Each structure stands twice: as structure tokens, then as C-alpha cells.
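# What the coordinates show
One-letter residues, chain by chain:
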Number of protein chains: 2
Amino acid sequence: MASLPDPKPPSGAADLENPVTDPAEPSSADPAVTSVVRRWRREDLTEKAGLILRGLGTLFSVIAFVVMASNKHGDWQDFDKYEEYRYLVAISVLAFLYSAAQLGRQVHRFSSGKDLLSPRTSVFVDFGGDQIIAYLLISAASAAIPMTNRMRQGGDNLFTDASSAAISMAFFAFFALALSAMLSGYKLSKQTYI
Amino acid sequence: MASLPDPKPPSGAADLENPVTDPAEPSSADPAVTSVVRRWRREDLTEKAGLILRGLGTLFSVIAFVVMASNKHGDWQDFDKYEEYRYLVAISVLAFLYSAAQLGRQVHRFSSGKDLLSPRTSVFVDFGGDQIIAYLLISAASAAIPMTNRMRQGGDNLFTDASSAAISMAFFAFFALALSAMLSGYKLSKQTYI
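Residues numbered from 1 in each chain as written. Chains lettered and ligands numbered in written order. Predicted model: local features only at pLDDT ≥ 70, side-chain atom pairs only at ≥ 80, totals over all residues. Heavy atoms only, no water.

Going by the annotation in an unreviewed UniProt entry, the name recorded for chain A is Marvel domain-containing protein, with Dioscorea alata given as the source organism.

Structure, rendered in C-alpha cells:
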């Protein structure tokens, strides 16, 4: 939500001598055109930021899933003996599926220029979906922390280290999707109905 | 985000016979005026819904705080011996302070007609604030659940019952604030820059 710096400050003197300075932007002197170009740039930036955040969400949630699901060392050191850890596995799979699907949709939109949903639906799906998955991720990560803390008081081992790693990854996925939800809210506010 | 039902469907025949049917809406025949009136009603409704949700958030978080903070029955049955329960107390106080402040601001706006913040800032503060407090509340409630579950496997008593009640109240406060965040997102999308 930071205001974007204008890359080309209006330099009146240069314009008078030489009205068309940059061949790539032939009509930079026209304020209406400048405004539209700036809006395109801004939309492009939020689009790219959304893509990166979803990509990070996908990556972190799949790492959380893999690390936790492979965390079986026999005896009491099996992740599936603890409801917190099973919950974390379930939610990280869900987060992975959601963010991979969103990523696929966005890449398809980039390549074909067409969205699978109408622009209006799309903004609301982005906004609601990111927020719900972010709530689930922080819930799963928070639930798994106290038990891991208690186990680590008895000493660290492979099992507790892997659990901590998976929890951290789930938190990173949460941050990515929470930022993505904030960005979708920002997009909502910039939506035009022309 | 449900579409609001139009309370007065346009009945062409009645309009022809009797153009002014309702004295409260003298210019319902003029489409521009109807549209403005409908927008006022919609804004009024989202404003009231926001007020109710913040009120519920305040109520539930203060109950969660009081129930958990008074949950001391000696020996192992003291809430402050468990980090999950201390976290829940801290977050429910924070949620109470935030939603009470927001409620106060909104009531002040209703009574005086002036907001303490500019409309633009206000929408972003509402949106970001509700979301952050909702994340904290679901995190605290989720963290406190597994321990309470394990204790209740050994048998229910006053301590576990009070803990469960406080957790439920924190969840209700979370739902109220998460809905309020969604509503703020909807308001963002309806914001006009005229």
C-alpha cells in the first residue's frame, strides 16, 4: 500500500525544448495518458507481487507438509501419534493445493490473457480464499507449538527439530498468504466499475 | 457479500396509475435518486453490521479474558502454569481493547457525524486491524485446545470446563472480527473517490 514513486518527474524545461524525449512513451506529456500508463504499471506490480506471494505460499506449505509427513522415527517419535501434528499435515496439504491452483490460474491468465473467472468474482475469491487459508495455517502452526516446546525441554532430537522446521515453514506460508490477502484487499479498493 | 434484496421491486403498472405511492420516498420514480437512496441504505446496513460485529467481538473477548483469568483452583489447576492459557489471556485483553476502541470510535461517529480519522485511512485501519486481531485470536484459541483436550481425557473438572469455555469465547470473538474484516474488505470495494 506504499505510494509508488513516479519514475519520470515532469521536467518542464526539457519538455519545452524537446517534447518527445523517450520514443517508448511518445505521449508522456498528455496527463490522461500518463495517468493510464501509471495505473497499468501499478496493476502490473500488484499482479506480480501476488504471483510471488502465492509462489512462496505454495513452496513453504509443500515443505511443511513433506517435513512433517516424513517425521517418523519410531516409538513416541511418530508425528501421527499427536493430533497437533496430524492437523498441521492436513492444513499444509490444503494450503498447498489452494495456492498451487491459484498460481496455475494466474499463470494461465498471464499466458492466455483470459481469466477463468469474471474479474469481479476473481477479486472476491482471491480475497476470501487467501484469508481463510491464512487463518487455517496460523491455527495449525499455533496448535503445534506448545507440545513441541514441552518436548524440547526434555532435549532436542531429530523428531523435535523436524517438527520445529515444519512449524516454521507453516508460519512462512501463513505470512505469504496473509500478505496476499492484504494485497487482494488493496486490489478490491482499486477496482473500477467502468 | 450477499447481494441485497431490493425491498421495492419496480411495479410498472402501479407506477403508471399512481406515480407517488410512498410519501417517504417521493422521487422513487427517478432512477438516479433511487440509486443514491439504495446506496445510502446499503452503507447504513454495512455500518450497522460492523457495529454489531465489533460489539460481539468486545463482549466475547472480555468474557474469554474474565473466565480464563479467574481460572485458579490451586495445585496444577492454575491457568498461569500453562503458557497456552497465559497467551489466551494476553490476546483476549488485546482483542477487548482493540474492539472497544473501534466501537467507541464508531459510536462517536454516529453521534457527532465526524470521524476521528479520514475516510480513506479509516477504511484501511478497519481492514488491517480487524484482520490482525482475528489472526491473533485464532492463534491463541488454537494453541490452547490440544492441552485442554489431553486434560479432559483424564476427566472433566471445574478447571477444564472453564478453560474450554474461555477457548469457545475466544473463537466466537474470532468469528465476529473475521466477519468484520470481510465486511471492511467489502466496504473497500465499494469505496468511491468522488
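## What about the overall build of chain A?
Applicable threshold: Secondary structure elements follow DSSP: runs of H or I of four or more residues count as helices, runs of E of two or more count as strands, with numbering from the N terminus. Three labels apply to residues, based on accessible area from a 1.4 Å probe with only protein chains included: buried if under 20% of the type maximum, exposed if over 50%, partly exposed otherwise in between. Contacts: residue pairs with any heavy atoms within 4.5 Å of one another. For the area figures, the Shrake-Rupley method with a 1.4 Å probe applies, and any residue is considered shielded solely by the protein chains shown.
Looking only at helices and strands, chain A has 5 helices and 0 strands in total. N-terminal to C-terminal, the α/β element order of chain A is α-α-α-α-α. Counting only residues that meet the buried cut, chain A has 41% of its 194 residues in that class. By sequence separation, contacts in chain A at least 24 residues apart represent 75% of the contacts at least 6 residues apart. Accessible surface, chain A as shown: approximately 10,200 Å² in total, 67% of it carbon and sulfur.

## With respect to the interface of chain B and chain A
What counts here: Two parts placed together each lose some accessible area under a 1.4 Å probe, and adding up what both lose gives the buried area. Salt bridges are defined as contacts in which a side-chain nitrogen from Lys or Arg sits within 4 Å of a carboxyl oxygen from Asp or Glu. Residues are grouped as follows: Ala, Val, Leu, Ile, Met, Phe, Trp, Tyr, Cys and Pro are nonpolar; Asp, Glu, Lys and Arg are charged; all remaining types, including Gly, are polar.
Each partner contributes residues to the interface: chain B has 31 residues there, and chain A has 31 residues. Overall, the association of chain B and chain A removes approximately 2,400 Å² of surface from exposure, summing both partners, and the carbon and sulfur fraction of that is 62%. Connecting chain B to chain A are 2 salt bridges. Glu84 of chain A is the salt-bridge partner of Arg150 of chain B, the closest N and O atoms lying 2.8 Å from each other. Among the secondary structure elements, those contributing two or more residues to the side of chain B that touches chain A are α3 (83-112), α4 (119-153) and α5 (158-190) of chain B. The dominant element in the side of chain B that touches chain A, judged by the number of residues it contributes, is α4 of chain B, at 16 residues. By residue class, the composition of the side of chain B that touches chain A is 18 nonpolar, 8 polar and 5 charged.

## What to know about the packing of helix α3 (residues 83-112) of chain A against helix α4 (residues 119-153) of chain A
Residue and element names in this part refer to chain A. Put simply, the test is: Between N-to-C directions, angles cover 0 to 180 degrees, with each direction set by a line fitted to C-alpha atoms, over the stretch in contact for helices. Orientation categories follow fixed angle ranges, with anything under 35 degrees roughly parallel, anything over 145 roughly antiparallel, 65 to 115 roughly perpendicular, and all other angles oblique. Each crossing is labelled by how the near helix is turned from the far one, with a counterclockwise turn of less than a right angle marking it left-handed and a clockwise turn marking it right-handed.
Here α3 crosses α4 at 155 degrees, and the two axes come no closer than 9 Å. In terms of axis orientation, α3 runs roughly antiparallel to α4. Here α3 runs over α4; the crossing is left-handed. For the contact of α3 with α4, a count of residues per class yields 17 nonpolar, 5 polar and 5 charged.

## Considering the nonpolar core
Applied cut-off: Working definition of a nonpolar core: buried Ala, Val, Leu, Ile, Met, Phe, Trp, Tyr and Cys residues. They are joined through side-chain atoms within 4.5 Å.
Within the largest apolar cluster, 62 residues are counted, with the highest numbers of intra-cluster contacts made by Tyr85, Tyr135 and Leu137 of chain A together with Tyr85, Tyr135 and Leu137 of chain B. Where this core is concerned, the elements lending two or more residues are α2 (31-69), α3, α4 and α5 (158-190) of chain A together with α2 (31-69), α3, α4 and α5 of chain B. One finds Val123, Phe124, Met182 and Tyr186 of chain B within the second-largest nonpolar core, a separate group that totals 12 residues.

## Concerning the relation of the copies chain B and chain A
To keep things clear, this is the line we draw: The least-squares superposition of copies is restricted to C-alpha atoms, and to residues with a pLDDT of at least 70 in both copies.
For the match of chain B to chain A, the screw axis carries a shift of 0.0 Å, the RMSD comes to 0.1 Å, and the turn is 180 degrees. In the structure described here, the two chain copies are related by an operation that fits a two-fold rotation axis. Residues of chain B ranked by C-alpha distance from the rotation axis are headed by Ala143 of chain B, positioned 2.0 Å from it. An overlap of 100% is found between the interface residues of chain B and their copies at the interface of chain A, pointing to a shared contact surface.

## A look at the pattern of salt bridges
Enumeration according to the criterion identifies 18 salt bridges over all chains in this entry. The shortest N-O distance in the salt bridge between Asp78 of chain B and Lys81 of chain B comes to 3.9 Å. Asp78 of chain B gets classed as buried once you look at its relative accessible area, which sits at 13%. Exposure remark for Lys81 of chain B: the relative accessible area of 49% places this residue in the partly exposed category. What you see here is one network of salt bridges that share partners, running through Arg54, Arg105, Asp126 and Asp130 of chain A.

## Comments concerning a nonpolar patch on the surface
Where we set the bar: Patch membership requires over 30% relative accessible area and the absence of a salt bridge. Like charges are linked within 9 Å, and nonpolar side chains (Val, Leu, Ile, Met, Phe, Trp, Tyr) within 5 Å.
Together, Ile52, Leu56, Leu59 and Ile63 of chain A give the surface a local cluster of nonpolar side chains, amounting to about 330 Å² of exposed area. Among the structural elements, Leu56 of chain A can be located in helix α2.

## As for the packing of α2 of chain B against α3 of chain B
All names here are of chain B. Remark: α2 packs on α3, axes separated minimally by 8 Å, with the N-to-C direction vectors making an angle of 150 degrees. Between α2 and α3, the interaxial angle falls into the category roughly antiparallel. Helix-helix and strand crossings are classified by hand; for α2 and α3 the assignment is left-handed. Of the residues assigned to the contact of α2 with α3, the class counts are 16 nonpolar, 9 polar and 3 charged.

## Digging into α5 of chain A
Residue and element names in this part refer to chain A. Here is the rule: The length a helix should cover is 1.5 Å for every residue beyond the first. Under the rule applied, a polar contact is a pair of N or O atoms within 3.5 Å (in protein, one hydrogen donor and one hydrogen acceptor; residues adjacent in sequence only if both atoms are side-chain atoms).
Helix length check: α5 (33 residues) gives 48 Å between terminal C-alpha atoms against 48 Å at 1.5 Å per residue, within 8%. In terms of residue burial, α5 counts as a mostly covered element, since 24 of its 33 residues are buried. Where α5 begins, one side-chain oxygen reaches toward the backbone nitrogen of Phe159, 3.1 Å away; that side chain belongs to Asn157.

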